[in-house]
Every structure is written in C-alpha cells, then in structure tokens.
Amino acid sequence: MPSQTQTPDNLRIEKRDLKFGRETPPPRWWHGGDPGRTAFFNALSSTFPVGEKFFMTAVRHYRSGTSEPLRSQIDDFLYQESMHSREHVVFNRQAEDVGFDIAPLEDRARRTIAWVKRRSPLQQLAATCALEHFTATLAHDALANPHHLGGASEEAGRLWRWHAIEEIEHKAVAFDTYLHAARDLSPFRRWLKRSVVMGVTTVRFHYVIFRNTADLLRQDGLNNARTWRTLLAYLYGRDGLMRHLLAGVFTYMRPGFHPWHLDDRGLLAQALALLNAGEAREQMA
C-alpha cells in the first residue's frame, strides 16, 4: 500500500449479493411523484452500467502490481461495482417498462466513456478517481440527509441507499490505486494530473447528467422552466446534492487530499443497520 494512503486499517468492503425491485418495480415517477427528481436519478442510473464497467477496467489494469491490503480491496471493489451494474441494468429496464426511452441516455454515456478510453491508462484511472469522488459525495449526502430520498418508493429507496453504502465503503480504492500507479511521478505532477482530469471530468459529468435529465423530462412533456426551477432548487439549494458535489470538487483539488479525510464510518454504520433491518423484514415477509 502506498505510504500516502489514509484508508482506515480496519475498513471492511463487504461483498453483498442483493436484488431489488424484482417483485415490486417502481412507478413511473417513483421519487415522491416528482418528475424532476425521478428524471435526475434515472439519468444517473442510465450511466452506471457502462460507467462502472469502465471503473473496473481502469482499476483492474493496475491490480497485479499492488500489494496487500490494496489488492484485496481492489477485488472487493470489483465485486461491488459488478453488483451495482447488474442492479442498475434492472432498474433501467424497469424505467423502460413504464415508458421511458433509456437507450439515447446510455448511448450518450457510452460515447463519453469511449472518449475517455482514448487516453492513457493513468488518465483513465484519474478519471475513475474523480467520478468515484462524485459518487462518494452524493452517497454521503443521500445517507446523511433523509430529505434526498424522502418520498422514494420503498424498493427504489433501498436500491439507492445500498448503492450509497457501498460507494462509501470503497471510496478510496481507485484513489489508492492511483497513488500506487503514479508513485514514480513527483508529488506536484501527481496532484496536477488528478486535478486537471477532475476539471475536465466535472464539465463532462454535468453535461451528460443534465442532457439525460432533459431527455427524460422531454419524454414527459415537462422539459420547461417551471420543472427545472423546482429541480435546480432541490439540487443546488442549501443542502442540495449537486451543490455539495461542486464543493467537493475543490476539496478534491487540495494538495494532500485523500477520500478518507472525511471519515464517515459512523454514518456508514447507521445506514448499514437500517439496510440490514430492511433485509430482515423482507426475508420474513
């Protein structure tokens, strides 16, 4: 493990094989009957299968040269990401079942990933670090503030909370792999590369997510100023998910940054207890 890592020694990245919504698929506007919030989360979900496959490839490229405990953490990361991809494939197909055309959204994500894959393996890994920071930031806020998933249908809410838990658990794996892969670069060049890539990734991420959101709202006949005002207030208000994500970009660009500077294991334990209680109720039903 590279000396710069600050990942807790006792961190556990657990392999869970959970399935969501097979028996009770979500309604069309599953997020509290709100078309804007539903469109935003569906837009995110549409990028996950191709995005997580890219993450796995970028990190796996450097696995053979790592030592323990990072090598085992990479294996656990790969497992969790494969489960996320599987469940979001199902979730995306359910969105299609209620009438949304998800294919153009998936194609847009696929084109963006194809553009990134023309870069060097280290740049691809740096892009993975940036996107993993986005997902960890969104995950933290989704779990810390019940408002973000309040009103979501039960199965959809369980899916997104489970995904958030695992994004926090493995939030430093790609970053620690980057520290290993870029170990021969000077600290300044390591910082500069990941910061420049973060800047580019931030722009492309916003473009893809909001174009996808607009596509879905257009399909509902609601791609208008009123819907966007409500959605942007939710995303960029005082406790907004995207407001915190943008603040996290600047945190990420600090020299010496590490994902576990924010030690949210307490939040993780609370969320896991709720998830496990829900799974127990599901098994007894």
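Structure report, in brief.

Thresholds applied
- In this numbering scheme, every chain counts its residues from 1 along its sequence in written order.
- A pLDDT threshold of at least 70 governs which residues receive local features in this predicted model, and a stricter bar of 80 or more applies before side-chain atom pairs are shown or counted, although totals over entire chains, interfaces and linings include all residues.
- The side-chain values count all of the structure's non-hydrogen atoms but skip hydrogen atoms and water molecules.
- Paired rings are identified among Phe, Tyr and Trp, the last through its six-membered ring, by centres lying within 6.5 Å, and are further divided according to the angle between planes into stacked (under 30 degrees), edge-to-face (over 60) and tilted (the rest).
- Secondary structure elements are taken from DSSP: a helix is a run of H or I of four residues or more, a strand is a run of E of two residues or more, and numbering for both begins at the N terminus.
- The rule is simple: take the accessible area with a 1.4 Å probe, protein chains only, and divide by the maximum for that residue type; under 20% is buried, over 50% is exposed, in between is partly exposed.
- Two conditions define a charge sitting above a ring: the NZ of Lys or the CZ of Arg must be within 6 Å of the ring centre, and it must be within 35 degrees of the ring normal.
- Helices are assigned an expected span. That span is 1.5 Å times one less than the residue count.
- Take a side-chain nitrogen of Lys or Arg and a carboxyl oxygen of Asp or Glu: if they are within 4 Å of each other, that pair is a salt bridge.
- Here a polar contact is taken to be a pair of N or O atoms separated by no more than 3.5 Å, where protein atoms must pair a possible hydrogen donor with a possible acceptor and residues adjacent in sequence count only if both atoms sit in side chains.
- Here, nonpolar core refers to any group of buried Ala, Val, Leu, Ile, Met, Phe, Trp, Tyr and Cys residues whose side-chain atoms link them within 4.5 Å.
- Any two residues whose heavy atoms approach within 4.5 Å are treated as being in contact.
- Only residues above 30% relative accessible area that lack a salt bridge enter a patch, with like-charged residues linked at up to 9 Å and the nonpolar side chains Val, Leu, Ile, Met, Phe, Trp and Tyr linked at up to 5 Å.
- Exposure was quantified through the Shrake-Rupley algorithm and a 1.4 Å probe, taking into account, for residues, occlusion by the shown protein chains and nothing else.
- An axis is simply a line fitted to the C-alpha atoms; with a helix, the fit covers only the stretch in contact. Between two such axes, the angle follows the N-to-C directions and lies from 0 to 180 degrees.
- We call two directions roughly parallel when the angle between them is under 35 degrees, roughly antiparallel when it is over 145, roughly perpendicular when it lies between 65 and 115, and oblique otherwise.
- Under the grouping applied here, Gly and all other residues not named as nonpolar or charged are polar, the nonpolar ones being Ala, Val, Leu, Ile, Met, Phe, Trp, Tyr, Cys and Pro and the charged ones Asp, Glu, Lys and Arg.

Section: the packing of aromatic side chains
Using the criterion set out here, one finds 16 aromatic pairs in the structure. When the ring of Trp30 is compared with that of Trp160, the centres are 6.4 Å apart and the planes differ by 15°; the resulting orientation is stacked. Residue Trp30 is located in the segment before helix 1 (35-60), and its partner Trp160 is located in helix 5 (residues 154-169); the two are separated by 130 residues in the primary sequence. Relative to Trp160, the ring of Phe48 lies with its centre 5.9 Å away and its plane at 55°, an arrangement referred to as tilted. Here Trp160 lies in helix 5 and Phe48 lies in helix 1, a separation of 112 residues in the sequence. Owing to a relative accessible area of 12%, Phe48 belongs among the buried residues under this scheme. Grouping aromatic residues by their ring pairs yields a cluster made of Trp30, Phe40, Phe41, Phe48, Phe91 and Trp160. In this structure, Arg28 packs its charged tip against the face of Phe100, placed 4.0 Å from the ring centre.

What to know about helix 4 (residues 121-144)
With 24 residues, helix 4 extends 34 Å from end C-alpha to end C-alpha; this agrees with the ideal 34 Å at 1.5 Å per step. Counting buried positions along helix 4 gives 21 out of 24 residues, so the element sits mostly inside the fold.

Section: the pattern of salt bridges
Oppositely charged side chains are able to pair whenever their charged atoms sit close together. In total, this model carries 19 salt bridges according to the counting rule given. Notably, a salt bridge pairs Asp215 with Arg218, separated by 2.9 Å at the nearest N-O pair. Taken together, the residues Asp215 and Arg218, both in helix 7 (residues 187-219) and three residues apart, mark about one turn of the helix. Residue Arg218 is classed as partly exposed on the basis of its relative accessible area of 48%. When salt bridges that share partners are traced, they join Arg12, Glu14, Arg16, Glu166 and Glu169 into one network.

What to know about the environment of Thr227
Of note, Thr227 is situated in helix 8 (residues 225-236). Along the backbone, Thr227 and Pro35 are 192 residues apart, and their C-alpha atoms lie at a distance of 8.0 Å. Of note is the side chain of Thr227, whose polar atom sits 2.9 Å from the backbone oxygen of Leu222.

With respect to the nonpolar core
Counting residues in each nonpolar core, the largest one holds 83 residues, and the members touching the most others are Phe40, Phe41, Leu44, Trp160, Phe205 and Met242. In terms of residues, this core owes the most to one element, helix 4, which gives 12 residues. Every residue in contact with Met242, bar those within four places of it in the chain, is listed here: Phe40, Leu138, Phe205, His206, Phe210, Leu235 and Tyr236.

Describing a nonpolar patch on the surface
The grouping of Phe188, Leu192, Val196 and Val200 at the surface amounts to a nonpolar patch, some 340 Å² of accessible area in total. Inspection of the secondary structure puts Val196 in helix 7.

Here we look at the packing of helix 8 against helix 9 (residues 241-252)
The interhelical angle for the contact between helix 8 and helix 9, taken along N-to-C directions, is 45°, at an axis separation of 4 Å. In terms of axis orientation, helix 8 runs oblique to helix 9. Contacts from Tyr234, Leu235 and Tyr236 of helix 8 reach helix 9 at Leu241, Met242, Arg243 and Leu246. Residue composition of the contact of helix 8 with helix 9, by class: six nonpolar, no polar and one charged.

Shape descriptors only; they carry no functional weight alone.
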